[in-house]
Amino acid sequence: MIEATGLTKRYGAYRALDRVSFEVRRGEVVGFLGPNGAGKSTTMRILTCYLSATSGSVKVHGYDVFDEPLAVREKIGYLPQRAQMYGEMGVLEYLRFVADVRGIDVTSFNKRMRNIVEVCGLGTVLGKDIRQLSHGYRQRVGLGQALIHNPPILILDEPTSDLDPNEKAEVIEYIKEIGKDRTVILSTHNLAEVEEACARAIIISKGRVVADGAIDEVRARGGRVRYQVLVDEKAALRGTAPSSADVEAALAKIQGAISVKELPTDDRCHGFTLLGNKGSDLRGEIFKLCVDKGWVLLEMRRDIQKLEDVFKSLTKGDEVADRLRTAAPDEDEESEDEGLEDDESEDEESDASEDEESDDDADEKDSKKEDA
Ligand code: ADP
């Protein structure tokens, strides 16, 4: 359904995307993950024909985004980050307006609306002005406009940012429902959402894809097992209760322990996180250690590494400096020229720190572009 190959986007010397390639198959719900500034919105804007890449290609439903943008837009529903809407319009009026822009006739619109009202839970707000809506309802209207032409593909850019936890949960439920018969790419830095709504994750860092696979596969990439151990610091079975240094030193000596880190706890116990290798099970050793020493083990838990840990380790140090163009001599000058042609050419002069500082400006500029 979506095939991105070698996408690169430069803003002057700054490389927002660096040879990003991935495929999304029919019916998949894919979480597009990355820290702020990783390149998620840039990728989504390219996929939805709002921005041209410096080099590389994208096919959506078999159409090339550069050569056949209208055909691509017919197949895609897009909810940009902080989507702009006309606050003074009523919800129904706004959706009718979007349908008009897309050339949808009244009969088809009425038919579509029955489904959209149900899937996006808009029944109670159709007559209200958009400016009266809570963030959560605005996002539902945003989902509605993205679905108005019944597209097979949905691209949602951080649809739950700025929502409160209840609204987030609701919007995720709607996305899960919508994803049952569509291909969806959902960008977020909320890992719990990805675990809940997506079967697959693509992690992007510093403009590059650093992981791509089923959630379990991505989680297993961390390859570590984490143990949480709490030992009583007030009482012991024999002798005196241990100090935290005693517990730390003894845990570190367990064969297979890769690292031991103290956890913040109250004054009743010493808490540690111990990392072991993939597939290891050190619980028996930890228990025996406590018995040998006469320590009271208050709690022990073994977890395989969380998606969050993998995310952190894969996206560590997402610094701007890493993305400055290092002028590799073999890089195609032709694609640099293409970059000069696109709308961001005025940014070519700016240095990296300016790029970073002008983030808000850039966002504003892009959202104006989206408005247009
Ligand atoms: P994300 O969506 O992952 O937060 P973006 O795709 O918005 O990241 O941005 C990727 C990088 O490109 C960021 O460092 C951002 O500052 C930079 N960037 C985005 N748009 C522009 C622009 N118009 N001019 C200069 N830099 C930009």
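Placed above this text is the structure.
Here is what the cut-offs are and how they apply
- Residues numbered from 1 in each chain as written.
- Predicted model: local features only at pLDDT ≥ 70, side-chain atom pairs only at ≥ 80, totals over all residues.
- Helix = DSSP H or I, 4+ residues; strand = E, 2+ residues; numbered from the N terminus.
- Buried ≥ 20, exposed ≤ 12 C-beta atoms within 10 Å, placed from the backbone.
- Contact = placed C-beta atoms within 7 Å.
- Axes fitted to C-alpha atoms, helices over the stretch in contact; angles between N-to-C directions.
- Parallel < 35°, antiparallel > 145°, perpendicular 65-115°, else oblique.
- Left-handed = near helix turned anticlockwise from the far one by under 90°.
- Nonpolar A, V, L, I, M, F, W, Y, C, P; charged D, E, K, R; others polar.
- Pairing = 2+ DSSP bridges.
- Core = buried A, V, L, I, M, F, W, Y, C linked by C-beta atoms within 7 Å.

**Here's the deal with the overall build of the chain**
The secondary structure content of the chain amounts to 14 helices and 14 strands. For the chain, the proportion of its 372 residues judged to be buried stands at 35%. Summarising the internal contacts of the chain: among those between residues at least 6 apart in sequence, 71% fall at separations of at least 24.

**Quick word on the packing of helix H5 (residues 135-147) against helix H6 (residues 165-178)**
The geometry of H5 relative to H6 is characterised by a closest axis approach of 9 Å and an angle of 15° between their N-to-C directions. Between H5 and H6, the angle falls in the class roughly parallel. Note that H5 runs across H6; the crossing there is right-handed. Listed contacts from H6 to His135, Gly136, Gln139, Arg140, Leu143 and Leu147 of H5 are Glu167, Glu170, Val171, Tyr174 and Ile178. Of the residues in the contact of H5 with H6, the class split is 5 nonpolar, 3 polar and 3 charged.

**Considering the sheet that holds strand S7 (residues 153-157)**
Working definition: the strands of a sheet are paired by backbone hydrogen bonds and lie parallel or antiparallel to each other. Spatial strand order, S6-S7-S8-S3-S9-S10: 6 strands in an open sheet with mixed pairing. On the outer flanks of this sheet lie strand S6 (76-79) and strand S10 (208-214), each paired with one strand and no other. Going from strand to strand, the sheet's axes swing by 15° on average, the running direction of each strand aside. Here strand S3 (residues 29-33) runs beside strand S8 (residues 183-188); their pairing, made up of 5 bridges, is parallel. Bridged to Val29 within S8 is Val184. Against the sheet, helix H11 (residues 307-314) touches S3, strand S9 (200-205) and S10, its axis set at about 30° to S9.

**Considerations on the nonpolar core**
Counting residues in each nonpolar core, the largest one holds 67 residues, and the members touching the most others are Ile155, Val184 and Leu186. Contact partners of Leu186, with chain neighbours within four places excluded, come to Val29, Gly31, Phe32, Leu156, Pro159, Ile175, Ala197 and Cys198. Core analysis: the next-biggest nonpolar cluster, separate from the first, contains 15 residues, Val225, Tyr227, Ala250 and Leu251 among them.

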